Amino acid sequence: QVQLVESGGGLVEAGGSLTLSCAFSGVDFNNYNMGWFRQAPGLEREFVAGIQWHSQRYSGNFANDRFTIDRDNAKNTVTLRMNNLKGGDTAVYYCGGKGGPRGGGLYTAREYDYWGQGTQVTVSS
């Protein structure tokens, strides 16, 4: 059974750091492109960062100086290291998987085949 489970969310002060992790089971993880998205109340799911199966990385402009995506194929996990967190980063963060290699990019939620249930990140001021 395909399953993605996010962990690592919580409450952090502005300027602090947090690392999210996503465990992806039920697929050949090495052949999947992975992404992190976030969604705040009333807003659409927003691209945060993506990493292809061969480790090419992408990130949104708001995040590319503060957030780092990585993957560990031996552990079937993808992580998101978030530094210098701001109040605007408060959201539910979701991990997604897209089978590949194939076209379409990693920037839109519709490209992904599987999603986790999300983990809440709350940044206090």
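Please refer to the structure placed before this passage.
Quantities reported herein were computed from a predicted structural model and do not represent experimental measurements.

Caption draft 1: Broad picture of the overall build of the chain. A tally of helices and strands in the chain yields 0 helices and 11 strands. For 125 residues, the compact-globule formula gives about 14 Å, and the C-alpha radius of gyration of the chain, at 13 Å, lands near that figure. Expressed along its principal axes, the backbone C-alpha trace of the chain runs to roughly 40 × 25 × 25 Å. Taking all 125 residues of the chain together, the buried fraction comes to 42%. Counted over contacts in the chain with a minimum sequence separation of 6, partners at least 24 positions apart contribute 58%.

Caption draft 2: Main features of the pairing of strand β5 (residues 46–51). Within β5, 5 of the 6 residues are buried, leaving the element largely enclosed by the surrounding structure. Taking the residues between adjacent antiparallel strands as the criterion, strand β4 (residues 32–39) and β5 are bridged by 6 residues, where Gly 42 takes a positive phi near 80°. Across 3 bridges, the pairing between β5 and strand β6 (residues 57–59) is antiparallel. Along β6, the bridge assignment pairs Ala 49 with Ser 59. Connecting the antiparallel pair β5 and β6 is a turn made up of 5 residues, with Ser 55 showing a positive phi of about 80°.

Caption draft 3: Molecular detail of the nonpolar core. Counting 27 residues, the largest nonpolar core has Met 34, Trp 36, Leu 80, Met 82 and Tyr 93 as its most contacted members. At 4 residues, the largest contribution of residues to this core is made by strand β3 (residues 18–25).

Caption draft 4: Focus on the state of the cysteines. Applying the stated criterion to the full structure yields 1 disulfide. Residue pairing for Cys 22: its cysteine sulfur links by disulfide to Cys 95, the two sulfurs lying 2.2 Å apart. Disulfide Cys 22-Cys 95: torsion about the S-S bond near -80°, hence left-handed. Residue Cys 22 is located in strand β3, and its partner Cys 95 is located in strand β9 (residues 91–99); the two are separated by 73 residues in the primary sequence. Grouping residues by exposure puts Cys 22 and Cys 95 together as buried.

Caption draft 5: Structural view of the packing of aromatic side chains. Under the counting rule described, the total for this entry stands at 11 aromatic pairs. Ring geometry for Tyr 32 versus Tyr 114: centroids 6.2 Å apart, planes at 40°, classification tilted. Taken together, the residues Tyr 32 in strand β4 and Tyr 114 in strand β10 (residues 114–115) connect sequence positions 82 residues apart. Their ring planes at 65° and their centres at 5.1 Å tell us that Phe 47 and Tyr 107 sit as a pair that is edge-to-face. Of this pair, Phe 47 sits in strand β5 while Tyr 107 is found in the loop between β9 and β10, placing the two residues 60 residues apart along the sequence. Here Phe 47 falls in the buried class, since its relative accessible area comes to 9%. Taken together, the ring pairs connect Phe 37, Phe 47, Tyr 58, Tyr 107, Tyr 112 and Trp 115 into an aromatic cluster.

Caption draft 6: Representation of the pairing of β9. Counting buried positions over the 9 residues of β9 gives 9, a clear majority of the element. Across 3 bridges, β9 lies against strand β11 (residues 119–124) in antiparallel orientation. Paired with Val 92 across the strands is Gln 120, a residue of β11. Direction of pairing for β9 relative to β10: antiparallel, over a ladder of 2 bridges. Bridging from a neighbouring strand, Gly 97 pairs with Tyr 114 of β10.

Scoring rules and cut-offs
- Residues numbered from 1 in each chain as written.
- Predicted model: local features only at pLDDT ≥ 70, side-chain atom pairs only at ≥ 80, totals over all residues.
- Heavy atoms only, no water.
- Helix = DSSP H or I, 4+ residues; strand = E, 2+ residues; numbered from the N terminus.
- Rg over C-alpha atoms; globule rule 2.2 N^0.38 Å.
- Buried < 20%, exposed > 50% of the residue type's maximum accessible area, 1.4 Å probe, protein only.
- Contact = heavy atoms within 4.5 Å.
- Pairing = 2+ DSSP bridges.
- Core = buried A, V, L, I, M, F, W, Y, C linked by side-chain atoms within 4.5 Å.
- Disulfide = S-S within 2.5 Å.
- Phe/Tyr/Trp six-rings, centres within 6.5 Å; stacked < 30°, edge-to-face > 60°.

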